[in-house]
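Below, each chain spelled out in residue letters.
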Amino acid sequence: MPDSLNRPADTKATGNAPAAAVEIKDLRKTYRGTPKSPPKEALKGISLTIPRGSIYGLLGPNGAGKSTTINILAGLVNKTSGKASIWGIDIDEQPRSARAAIGVVPQELNLDPFFTPREILDLQAGLYGVPKSERQTDALLEAVGLKDKANAYARTLSGGMRRRLMVAKAMVHAPPVLVLDEPTAGVDVELRQSLWAHVRELNKAGTTIVLTTHYLEEAQELCDTIAIVNHGQVVACESTEKLLGRIDSKEMVVTLDADLTEVPEAFRGFDAKLDGPRRLAIHYKPSQTRVADLLGAMAAAGLAVKDLSMVESDLEDVFLEMTRAPAA
Ligand SMILES: Nc1ncnc2c1ncn2[C@@H]1O[C@H](COP(=O)(O)OP(=O)(O)OP(=O)(O)O)[C@@H](O)[C@H]1O
Ligand SMILES: [Mg+2]
């Protein structure tokens with residue numbers, strides 16, 4: 001067993017906290033090949049600056065390199081080249097302190113089935129050198145909704161409960177940076193909401209959160225900044241709002257109070273189609289057309305609008321567009 005990790009003195013979100021919680025520069029990783037498989041260049045130069053205090057989403061299709069990036073930060077995978085620092089601490093120069101500044105919930109669940117949640121948290125706290133008087137075992141169990149399971153064998157927990165226990169385990173040393181690799185995979189809708197709420201609370205209390213997810217809705221809902229990774233490279237990295245604004249496409253659906261047989265003349269120039277005799281769906285580019293213009297054209301064509309709804313593009317549209325490109 002490794003000796004206790006040293007907790008950096010300035011890991012609280014106040015004081016001389018760095019502007020960037022995590023800084024990654026030109027990170028590269030090539031997994032060695034085996035007689036049966038060729039080497040794999042999983043990261044081809046990833047650079048990311050994760051601001052302190054953010055909820056940062058790392059998105060990308062299967063095999064994009066998300067877990068590899070996270071596992072390098074966690075000290076579980078050796079990088080081939082590049083630089084990374086956590087809370088201002090270089091992972092090569094001070095690996096132990098860097099590791100103490102981060103809590104990682106890995107994608108793969110690895111809990112000892114014969115320990116109870118309380119024992120698991122206590123062991124982990126011991127490993128990180130957290131003195132008994134500073135341990136937050138009960139508060140953590142409460143926070144992840146496992147207080148009533150504190151003394152049950154881990155093997156008797158459901159998959160979602162195990163994942164929540166992993167979150168608590170990653171938090172025992174109160175790291176300023178918490179990394180969640182697919183935190184809600186296999187977690188039901190209700191518990192997912194409660195995990196999100198917990199993540200938001202941690203973030204409010206000053207913890208920087210980095211998460212990967214395949215639920216784009218989760219990223220859109222939770223993250224203030226999103227990086228999209230594809231084939232080991234960052235293909236987009238900006239605020240969630242900006243990213244969503246990138247897609248210059250909206251849809252207006254109007255319900256008319258009379259039947260139509262074809263798309264009215266005034267809308268032939270648009271990507272418009274009849275969606276039933278009284279529903280007209282019009283795709284347009286917000287950068288070129290205003291809703292007022294569309295409504296004006298309706299009125300001019302003598303169409304009476306009974307109801308109207310707008311369909312916004314979402315992260316899924318952005319994601320698909322950014323990751324559609326084949327491997328370079
Ligand atoms: N230990 C390993 N040995 C060899 N190749 C690996 C190893 N771990 C990952 N890879 C390869 O590196 C690439 C990136 O994998 P990684 O696990 O980082 O992807 P990911 O973005 O986390 O994907 P997912 O969404 O499926 O979790 C993949 O092609 C994968 O097969
Ligand atoms: Mg992964």
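Predicted, not measured: the structure shown is a model, and the values here were computed from it.

Asker: I keep staring at the overall build of the protein and nothing clicks. Help me out?
Answerer: The helix and strand tally for the protein stands at ten helices and 14 strands. C-alpha extents for the protein along the principal axes are approximately 80 × 45 × 45 Å. Buried residues in the protein amount to 34% of all 328 residues. Long-range pairs, those at least 24 residues apart, make up 71% of the contacts in the protein between residues at least 6 apart in sequence.

Asker: How should the nonpolar core be read in this particular structure?
Answerer: Ranked by internal contacts, the top residues of the largest apolar core, which has 66 residues, are Leu-73, Ile-86, Ala-168, Val-177, Val-179 and Val-210. Sequence-distant contacts of Val-179, defined by excluding residues within four places in its chain, comprise Ile-70, Leu-73, Ala-74, Ile-102, Gly-103, Val-104, Val-105 and Val-210. Formed by six residues, the second largest nonpolar core is a distinct cluster that contains Met-252, Val-254, Ala-272 and Tyr-284.

Asker: Explain the site of ligand 1 to me, please; I cannot follow it from the model alone.
Answerer: Around ligand 1, a shell composed of Tyr-31, Lys-40, Ala-42, Gly-60, Asn-62, Gly-63, Ala-64, Gly-65, Lys-66, Ser-67, Thr-68 and Gln-107 is seen. Broken down by element, the residue count for the shell around ligand 1 peaks at three residues, all from helix H1 (residues 66-73). Here the shell around ligand 1 is built from residues that sort into three nonpolar, seven polar and two charged.

Asker: What is the right way to look at unusual backbone geometry in this model?
Answerer: Generally, phi is negative for residues other than glycine and the peptide bonds are trans, each holding for most cases. At Trp-87, a position not held by glycine, the phi torsion is positive, near 55 degrees. At Glu-182, a position not held by glycine, the phi torsion is positive, near 55 degrees. Turning to its location among the elements, Glu-182 is positioned in the loop between strand S7 (177-181) and helix H6 (189-204).

Asker: In this structure, what is going on with the domain arrangement of the protein? I would like to understand it.
Answerer: How big an interface is tends to be stated in terms of the accessible area lost upon association of its parts. Along its sequence, the protein is organised into domain 1 (20-244) and domain 2 (248-312). The straight-line distance from the C-alpha centre of domain 1 to that of domain 2 is 45 Å.

Asker: Just checking my understanding: could you explain the pairing of strand S1 (residues 20-31) for this structure?
Answerer: The two faces of the sheet receive side chains in turn, since in a regular strand these alternate between them. Both S1 and strand S2 (residues 40-51) contribute to a ladder of nine bridges, which runs antiparallel. Bridge assignment links Lys-29 to a residue of S2, and that residue is Leu-43. When S1 meets strand S4 (residues 81-86), the two strands line up antiparallel, connected through five bridges. When the sheet's bridge partners are listed, Arg-28 is paired in S4 with Ser-81.

Asker: Looking at this structure, I do not really get the sheet that holds S4. What am I missing?
Answerer: Backbone hydrogen bonds are what pair the strands of a sheet, in a parallel or an antiparallel way. Pairing is antiparallel in the open sheet, where four strands are placed in the order S2-S1-S4-S5. What marks the edges here is a single partner per strand, and that holds for S2 and strand S5 (89-90). With two bridges joining them, S4 and S5 adopt antiparallel strand pairing. Residue Ser-85 lies in a different strand from S5, and its bridge partner there is Asp-90. Strands in contact with H1 are S1, S2 and S4; relative to S1, the strand with the most contacts, it is inclined by about 115 degrees.

Asker: Mind showing me how you'd approach the sheet that holds strand S11 (residues 250-256) here?
Answerer: Ordered by their spatial adjacency, four strands build an open sheet running S12-S13-S11-S14, and the pairing between neighbours is antiparallel. Looking along the sheet, the strands with just one partner apiece sit at the ends: strand S12 (271-274) and strand S14 (305-311). Neighbour-to-neighbour, the strand axes of the sheet open up by a mean angle of 15 degrees, direction not taken into account. Pairing of S11 with strand S13 (residues 279-284) involves six bridges; the strand directions are antiparallel. Looking at the pairing, Met-252 lines up with Ile-282 of S13. Its contacts with the sheet place helix H9 (residues 291-300) against S11, S13 and S14, and it is angled at close to 30 degrees to S11.

Asker: In this structure, what is going on with the environment of Tyr-215? I would like to understand it.
Answerer: Inspection of the secondary structure assignment puts Tyr-215 in the loop between strand S8 (208-212) and helix H7 (216-222). Sequence-wise, Tyr-215 and Gly-45 are 170 residues apart; in three dimensions their C-alpha atoms are separated by 25 Å.

Asker: Could you clarify how one ought to interpret helix H10 (residues 315-323) in this entry?
Answerer: An α-helical turn contains 3.6 residues, so any two residues separated by three or four positions project in the same direction. Those residues of H10 that fall on the buried side of the exposure criterion are Leu-315, Val-318 and Phe-319. Angularly, the buried residues of H10 cover 95 degrees about the axis, an arc narrow enough to put them on a single face. Residues of H10 that are exposed and point over 90 degrees away from its buried face: Glu-316 and Leu-320. Here the buried face of H10 lies against strand S3 (55-59), H7, strand S9 (225-230) and helix H8 (240-245).

Asker: Teacher, can you tell me more about the packing of helix H3 (residues 117-127) against helix H5 (residues 159-170) here?
Answerer: Two numbers describe how H3 lies on H5: the axes approach to 9 Å, and their chain directions differ by 25 degrees. As the angle between them shows, H3 and H5 are arranged roughly parallel. Crossing hand, H3 versus H5: right-handed. In contact with Pro-117, Ile-120, Leu-121 and Gln-124 of H3, H5 contributes Leu-165, Ala-168 and Lys-169. Of the residues assigned to the contact of H3 with H5, the class counts are five nonpolar, one polar and one charged.

Cut-offs used in this document
- Residues numbered from 1 in each chain as written.
- Chains lettered and ligands numbered in written order.
- Predicted model: local features only at pLDDT ≥ 70, side-chain atom pairs only at ≥ 80, totals over all residues.
- Helix = DSSP H or I, 4+ residues; strand = E, 2+ residues; numbered from the N terminus.
- Buried ≥ 20, exposed ≤ 12 C-beta atoms within 10 Å, placed from the backbone.
- Contact = placed C-beta atoms within 7 Å.
- Core = buried A, V, L, I, M, F, W, Y, C linked by C-beta atoms within 7 Å.
- Near = placed C-beta within 6 Å.
- Nonpolar A, V, L, I, M, F, W, Y, C, P; charged D, E, K, R; others polar.
- Domains from an automatic or database assignment.
- Pairing = 2+ DSSP bridges.
- Axes fitted to C-alpha atoms, helices over the stretch in contact; angles between N-to-C directions.
- Arc of directions from axis to C-beta.
- Parallel < 35°, antiparallel > 145°, perpendicular 65-115°, else oblique.
- Left-handed = near helix turned anticlockwise from the far one by under 90°.

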